[in-house]
Amino acid sequence: MMKKHFYFLLMAALVCGLSLSVTSCKSDDDNNNGQSEEQQDQQAMEQQEQDNARFAVLDQLADIDTIKADFLSETFEPGIGMPDGDDTSTRIVNTNDAETAAERFANIVGATGIDENTTSFPWKDDKLGTMTYTKVTDGTAWATVDVNIKQVPKLQKIIFRAPEQGDNNAAFKGRAYYRFGDVIKKFVYVNSYTSYYEYWLCVRPAFGPEKKEDSHWVCLRPNLNQNVIEHIVGQQRWYIPTKLGTNKEHMQNLAEMLYAILNPEQWENNVLTNIKNKKMKMFGDFNKNNEPYHNKFFWQNVCKGWDKEYYDQNTEENKDIWSLVFRTTKKYMTDEVNNSQNGLHLLYNGYSWASKKNLNLQLWQARYTNGAGVNSNMHTAQYTEPKAKLNGIKFDCRYMGGDLDEYGDFFPVNDECMRWCVRHATGSELTDPRYSYSVKKEIPGTYHVYRYYQDVDPEGGKDLNKAPEPDKPL
């Protein structure tokens, strides 16, 4: 595995006062109010898990740019879906079937037992508010959600519907600026002597034939300003992920995209073999009849693009996308993805103390492996909550991927699997608030690193008003 550390720019920050930019939670004596240590641990764990769940809900509903410790006291703009014309309090989430509509709502609230047969599902949280899911049967939508969340006061309704059920909302002609696998960078200011670029990977682009106008992106490193807790006990120091959010749909899309890039012919064969099977998903609810626009030749071309080297402004080195985004090599990534005993491991949500005094830490992990039939193309998902005692081991979530020495001891002995902290954002959320997001243009406030229509197929990107065409070898 690669042993190079994160960014040389950040090492100075560790010496000069990174505690100014991350939350420090040093060990101290708490007033126990007559509670036993076990009771205190249990209460703290329950509170942290509730906060994690609440943040995950808000992160999927709202445009969250910066996060304060007391995020429940903040208010945010709606971020889910696209506005229903001039009615910005109603958001349209274009969804191709009732099953996906139910699944998307279930993922937002973290509930089970919701499916396409669910007629109504009320959800309530004392610190957030209420949402009520209602199945629609008149053909105008799959479902609606009445929203009353005090942290997102301008969001009143979510409508899950297929493009043909509504008007031309979110429809656009031609080609989007970004495609699957494109990489952009965004500047992060930590303090007066530390700044860096973080890299975002497109896991579901805007696509006109699906009437999906917003793009979806993941970053595989925590933001030092918002997603890292520094915990110190004596001479020991750990860096723990927090407020990563939860978006199972786009974690799954990342897993499928990696499989397609590394196994383009098998990915395509799996899709075409199951093209009439509604249970077989292709990037969430993409219509499998549109597969020719993301065919095996496209993924082969993306792989060639990722194999090229691009300038990493943080380290002033040239790196391929595997190294730049995942901190590993293509070979190691292939070994992980194609080995059913390994798979893709993502840390999401945040952390909780199973016992803070005894340093027993709990994390949240998603593991994706390739299966058969409807579970092919990395659609076997397992969600776990790994726990370990930090005392005597190293854990630093700022260095993930190939830097196993920085975090590997937390996980089972002989595991040797790479892991990444994952965050999610839409193209709209990544847009500099001084500007507007456009499906046809570069996201304002970000910078191009690798782009299919520039670095692989510049001819195809010359005229974005042209209709999408099936891809071919380049």
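Everything that follows concerns the structure shown earlier in this document.
Residues numbered from 1 in each chain as written. Predicted model: local features only at pLDDT ≥ 70, side-chain atom pairs only at ≥ 80, totals over all residues. Heavy atoms only, no water.

A.B. asks: What should I look at first to understand the overall build of the protein in this one?
C.D. replies: Broken down by element type, the protein carries 10 helices and 23 strands. Taken against the 2.2 N^0.38 rule, which gives 23 Å for 474 residues, the C-alpha radius of gyration of the protein at 22 Å falls within 12% of a compact globule. In terms of overall dimensions, the protein has a C-alpha envelope of 65 × 50 × 45 Å along the principal axes. When burial is assessed residue by residue, the protein has 57% of its 474 residues classed as buried. In the protein, the share of contacts with a sequence separation of at least 24, taken over all contacts with a separation of at least 6, comes to 63%. Summed over all atoms, the accessible surface of the protein reaches about 20600 Å², with 46% contributed by carbon and sulfur. (Helix = DSSP H or I, 4+ residues; strand = E, 2+ residues; numbered from the N terminus. Rg over C-alpha atoms; globule rule 2.2 N^0.38 Å. Buried < 20%, exposed > 50% of the residue type's maximum accessible area, 1.4 Å probe, protein only. Contact = heavy atoms within 4.5 Å. Areas by Shrake-Rupley, 256 points an atom, 1.4 Å probe, with all protein chains shown as cover.)

A.B. asks: Even after reading the chapter, I still don't get the pairing of strand S18 (residues 360-369), so can you show me in this structure?
C.D. replies: Looking along a regular strand, one sees side chains alternate from face to face of the sheet. For S18, a buried count of nine out of 10 residues is recorded, marking the element as mostly surrounded by other parts of the structure. One ladder, built from nine bridges, connects strand S17 (residues 344-355) with S18; its direction is antiparallel. Along S18, the bridge assignment pairs His345 with Arg367. What sits between S17 and S18 in their antiparallel hairpin is a turn of four residues, with Leu359 showing a positive phi close to 65 degrees. (Pairing = 2+ DSSP bridges.)

A.B. asks: Any chance you could explain a nonpolar patch on the surface here in plain terms?
C.D. replies: A surface patch of nonpolar side chains, about 350 Å² in accessible area, is lined by Phe187, Tyr189 and Tyr447. For Phe187, the location among the structural elements is in strand S10 (residues 183-191). Exposure remark for Phe187: the relative accessible area of 42% places this residue in the partly exposed category. (Patch = residues over 30% accessible without salt bridge, like charges linked within 9 Å, V, L, I, M, F, W, Y side chains within 5 Å. Salt bridge = Lys/Arg side-chain N within 4 Å of Asp/Glu carboxyl O.)

A.B. asks: Is there a simple way to think about the environment of Arg419 in this case?
C.D. replies: Position of Arg419 among the secondary structure elements: in strand S21 (residues 419-421). Each C-alpha atom of the pair Arg419 and Leu244 lies 14 Å from the other, and the pair is 175 residues apart in sequence. Beyond its immediate sequence surroundings of up to four residues, Arg419 is in contact with His345, Gln365, Met400, Gly401, Tyr407 and Phe411. For Arg419, the side chain forms a polar contact with the side chain of Gln365, separated by 2.6 Å. (Polar contact = N/O pair within 3.5 Å; in protein donor to acceptor, adjacent residues only side chain to side chain.)

A.B. asks: Quick question: what am I supposed to make of the sheet that holds strand S9 (residues 157-161) here?
C.D. replies: Sheets are built from strands paired through backbone hydrogen bonds, the pairs being either parallel or antiparallel. Judged by pairing direction, the sheet is mixed, and its six strands sit side by side in the order S4-S5-S9-S8-S7-S6 without closing on themselves. Lying at the two open borders of the sheet, with one neighbouring strand each, are strand S4 (82-84) and strand S6 (120-125). Ignoring which end each strand starts from, the neighbouring axes of this sheet average 25 degrees apart. Bridge analysis of S6 against strand S7 (residues 129-135) gives six bridges, and the strand direction is antiparallel. Its bridge partner being in S7, Ser120 is matched across the sheet by Thr134. Here helix H3 (residues 98-109) sits on the sheet in contact with strand S5 (87-94), S6, S7, strand S8 (143-149) and S9, set at roughly 165 degrees to S7. (Axes fitted to C-alpha atoms, helices over the stretch in contact; angles between N-to-C directions.)

A.B. asks: Explanation requested: the nonpolar core in the structure shown.
C.D. replies: Within soluble globular proteins, side chains that are nonpolar generally end up buried alongside one another. By size, the foremost hydrophobic cluster in this structure holds 93 residues, and its most contacted members are Leu254, Met257, Trp306 and Phe326. It is helix H4 (residues 248-262) that contributes the most residues to this core, nine residues altogether. Excluding anything up to four places from it in sequence, Phe326 contacts Leu201, Leu220, Leu254, Leu258, Trp306, Ile321, Met333, Gly401, Gly402 and Trp420. The next biggest cluster of nonpolar side chains, apart from the first, holds 31 residues, and it includes Phe55, Leu58, Leu72 and Ile108. (Core = buried A, V, L, I, M, F, W, Y, C linked by side-chain atoms within 4.5 Å.)

A.B. asks: What's the story with helix H5 (residues 264-273) in this structure? I'm lost.
C.D. replies: An α-helix turns once every 3.6 residues. As a result, residues three or four positions apart point the same way. For H5, every residue scored as buried is listed here: Pro264, Trp267, Glu268, Asn270 and Val271. All buried residues of H5 fall inside an arc of 160 degrees around its axis, so they share one side. Seen from the open side of H5, the exposed residues pointing more than 90 degrees away from its buried face are Glu265 and Thr273. Tucked into the core, H5 has its buried residues touching H4 and helix H6 (296-307). (Arc of directions from axis to C-beta.)

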